[in-house]
Amino acid sequence: APACYARRPVFIRRGCPVILQLALPSPLRRLFDYLPPLGCNPALLRPGVRLRVPFGRREVVGVLIRTQQHSEVPADKLRAALELLDHEPLLPDSVWQLALRTAQYYQHSLGDTLAWALPSLLRQGEAAQMPDQWIWQAAPEARADDPSLNRAPKQQAALRVLKQHPHGIQHTNLARFDLQKATLDNLQSKGLVSLTCHRHQSKPRPSQWLHAAELPLNSEQQTALHALSAGLGRFQPYLLAGVTGSGKTEVYLQLIHQVLRAGQQVLVLIPEINLGPQTLSRFTERFNARIAMLHSNLTDRERLDVWLKARAGELDIVIGTRSALFTPLAKPGLIVVDEEHDASYKQQEGLRYHARDLAVLRGRLENVPVLLGSATPSLESLHNAQQGRYAQLKLNQRAGHAQPPKLLRLDIKSRPLDGGLSQPLLGAMRDTLGKGQQVLVFLNRRGFAPTLLCSHCGWQAECSRCDARLTLHQRQQRLRCHHCDSQRRIPEACPKCQSTELLPIGVGTERSEERLLELFPDYPVLRIDRDSTRGKHSMQALFAQIQRGEPCILLGTQMLAKGHHFPQVTLVAILEADGGLFSADFRAAERMAQQIIQVAGRAGRDSQPGRVLIQSQLADHPLLVQLCESGYFAFAEQALHERRQAGLPPFSQMALLRAEANQPALAEQFLQQACTLAEGLCPSASVELLGPVPAPMAKRGGKHRAQLLLLSEQRAPLHQLLAPWLAQLESLPEGRKVRWSLDVDPIDT
Ligand code: ADP
Ligand code: ZN
Ligand code: ZN
């Protein structure tokens, strides 16, 4: 231990605990000792309150974890906290426990875990209460032609604006109406307007919940709903495995109605914020309820308001992406995780948590059911269902009159492609558009072409900072790296041989779009990818156009694939389905299957039947054949069997130690040391150590990356190893020269 840690007690005042142990926003996996603020009532110092404290030369906001009587910090080094910020613990006990267990399970600093879990204004010390509202109103008798305003056109205009708003305008919204405080101050001094303070008042609970009638359920849906409603009021995870378009959302809605009637709140997690508007509108069309969505365009204040209202029970339904998981609820009744297989539930930086897994933990802590829904459940969840940990409910049929789409493989090994499309596919597209229907073309690669090649010497444009080729973006006249975002001009000649014959090889969405516009001049081509939908509203505008239902071609990346309901799409074309069959990542095949089924699920969701054409170089690959002929669940059965044989998750537990450095040797040396330390801590070999090896992309963003994989049949030995191991790693001198991180239950190895 460092020299400043003397092993003597500090002082005890009449037996009261006086040392505060705080979690601070720091990556260090430890707590920090402070004395209470001067004159602070010790009864208020309960775990979970925030305090402002000096930290080095800064002031930070910490959260009190516990109080005790001793500190190992010498008395003259102990500093006092400056201010107590809360009179009550911030979080209800369940979410508090959730945060503590999250930090422990993912081996992450508690202070940093709390920082991920709390709205940013609370991290900065903002009061945890709804602010008073100051409202400007025109006096009832005030007139814009008041003689005192003859020479004050601005005041006249301001008064007119206020007169149009009989309920007044909030002070914080003045800018939105182009009003200035100074103008209103002048009006106020003339007695023409008033400024009054309104305390926050919650909207009352609705007494009648339904806006729109519930659909009569088919028998599969009814069975599922019965099972779910019988389980309300206690913890139980459910896996609702329903094919695309089987009416899972309708089952959620009817179950949620029961929860609302019981006076409880519902938390709904969705994988991606693009799906938010669609989900929100289905909820608001159905329910007369107080619904809030946590999305990335909220201001910090709006985000905090949602959090506070949810905590106070003033919201009935909270919808959000993975971080919404930590939203406190006064009266939780149900947690829904939609599209539970989606990889975006796993956070890939900082606190590397999996929101689906934590949702199940939260359900246990709150003693409420957790409903995981998907047409393509993760192998983890299917395994949990088979083990009896999750109750499985199945919807095998599409709801209403919709038919399941037919999946057809198209061998493109020896077929010429035009803009990435084969002749049979182009024929099917013509046919569909001719019938007045829509076509969805899926190509998970943006840009014009993934490679720029010198046809003379074979040179390829590569990123200097990554082990990756640069993507050609024709419209921007740029070569861009999709891994580190660096970009440069397209060279006029090959830098190696000066030849000017530089050819774009392969097809991205931009190139496909260009060709489709030529091939189908009579139909709109709507490209949807990260490049085409930069503006906040352009995505919504595109979706609105699709919903109008006129024949058109939708072309896009995975942004198009998830959860959307496009009733007029009857043909889905998947241009390249092979990536998952070549990859070294053992999860690649699962992801490929999920993606194909999810994209395919956009076809034929209304009364017209849907077709799916899958172009592949490996059209006869057994996995692809099985997926197309027997469906996702047969595929998953086979894939689970293979995982069991190979001893891979979910039949084993993993943790991944990653390191990156400016020189390749540094990362490997650190991991080598880490490996030796782990062997010392775990002599029984119940944890297998694989590596260190270079990361799948060994160089990225100028950093050299390597990794060490820990694999164990059982969870306990692995997790017992992690805590002491990380403590050792934190004090390794080699660790200072690298950036390292631990990923518990990694999803990309
Ligand atoms: P999923 O969430 O499984 O993809 P949705 O709940 O979005 O499925 O349902 C797909 C379509 O079927 C929607 O248009 C929905 O309104 C409709 N639908 C769902 N349940 C029924 C039902 N019981 N009867 C008629 N139509 C239904
Ligand atoms: Zn060349
Ligand atoms: Zn790069």
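Residues numbered from 1 in each chain as written. Chains lettered and ligands numbered in written order. Predicted model: local features only at pLDDT ≥ 70, side-chain atom pairs only at ≥ 80, totals over all residues. Heavy atoms only, no water.

**Regarding the site of ligand 1**
Part 1 of the reasoning: In the vicinity of ligand 1 lie 17 residues, with P216, Q221, K248, T249 and R282 positioned nearest.
Part 2 of the reasoning: In the environment of ligand 1, an oxygen atom lies 3.1 Å from a nitrogen or oxygen atom belonging to the backbone of G245.
Part 3 of the reasoning: Here the shell around ligand 1 takes three residues from helix α7 (residues 248-261), the largest share from any one element.
Part 4 of the reasoning: A per-class count over the shell around ligand 1 returns five nonpolar, eight polar and four charged. (Near = heavy atom within 4 Å. Polar contact = N/O pair within 3.5 Å; in protein donor to acceptor, adjacent residues only side chain to side chain. Helix = DSSP H or I, 4+ residues; strand = E, 2+ residues; numbered from the N terminus. Nonpolar A, V, L, I, M, F, W, Y, C, P; charged D, E, K, R; others polar.)

**Considering the coordination of the zinc ion (ligand 2)**
Part 1 of the reasoning: Within the first shell, the zinc ion (ligand 2) binds the protein through C454 (SG), C457 (SG), C494 (SG) and C497 (SG), at distances of 2.2 to 2.4 Å.
Part 2 of the reasoning: In this structure, the zinc ion (ligand 2) is surrounded by four donor atoms whose angles at the metal cover 106 to 112 degrees, and the resulting shape is tetrahedral.
Part 3 of the reasoning: Here the donor residues of the zinc ion (ligand 2) are spaced in sequence according to C-x2-C-x36-C-x2-C. Taken as a pair, C457 in the loop between β18 (451-454) and β19 (471-473) and C494 in the loop between β21 (487-489) and β22 (502-505) lie far apart in primary sequence, 37 residues in all. (Donors = N, O, S within 2.8 Å, 3.2 Å for Na, K, Ca; no water. Tetrahedral: all angles 85-135°; square planar, octahedral: opposite > 155°, others 65-115°.)

**What to know about unusual backbone geometry**
Part 1 of the reasoning: Looking along the chain, the bond that leaves P649 and enters P650 is cis, with omega of 10 degrees.
Part 2 of the reasoning: Tracing the chain through its elements places P650 in the loop between α18 (632-646) and β27 (653-661).
Part 3 of the reasoning: Put simply, G691 and P692 share a cis peptide bond, and its omega is 5 degrees.
Part 4 of the reasoning: Examined against the element boundaries, P692 turns out to sit in strand β28 (residues 687-700).

**Considerations on the packing of helix α17 (residues 622-630) against α18**
Part 1 of the reasoning: For the pair α17 and α18, the least separation of the axes is 7 Å and the interaxial angle reads 145 degrees. Mapping the contact onto sequence places L623, Q626, L627 and S630 in α17 and Y632, A634, F635 and Q638 in α18.
Part 2 of the reasoning: Grouping the amino acids of the contact of α17 with α18 by side-chain chemistry returns five nonpolar, three polar and no charged. (Axes fitted to C-alpha atoms, helices over the stretch in contact; angles between N-to-C directions. Contact = heavy atoms within 4.5 Å.)

**Regarding the sheet that holds strand β8 (residues 193-198)**
Part 1 of the reasoning: Taken in spatial order, the three strands of this open sheet run β7-β6-β8, and their pairing is antiparallel. In this open sheet, the two edge strands, each paired with only one partner strand, are β7 (169-170) and β8.
Part 2 of the reasoning: Each of β6 (133-138), β7 and β8 is contacted by helix α4 (residues 153-163), which is oriented at about 105 degrees to β6, the strand it contacts most.
Part 3 of the reasoning: Against the sheet, helix α5 (residues 181-189) makes contact with β6 and β8, and its axis sits at roughly 105 degrees relative to β8, the strand it touches most. (Pairing = 2+ DSSP bridges.)

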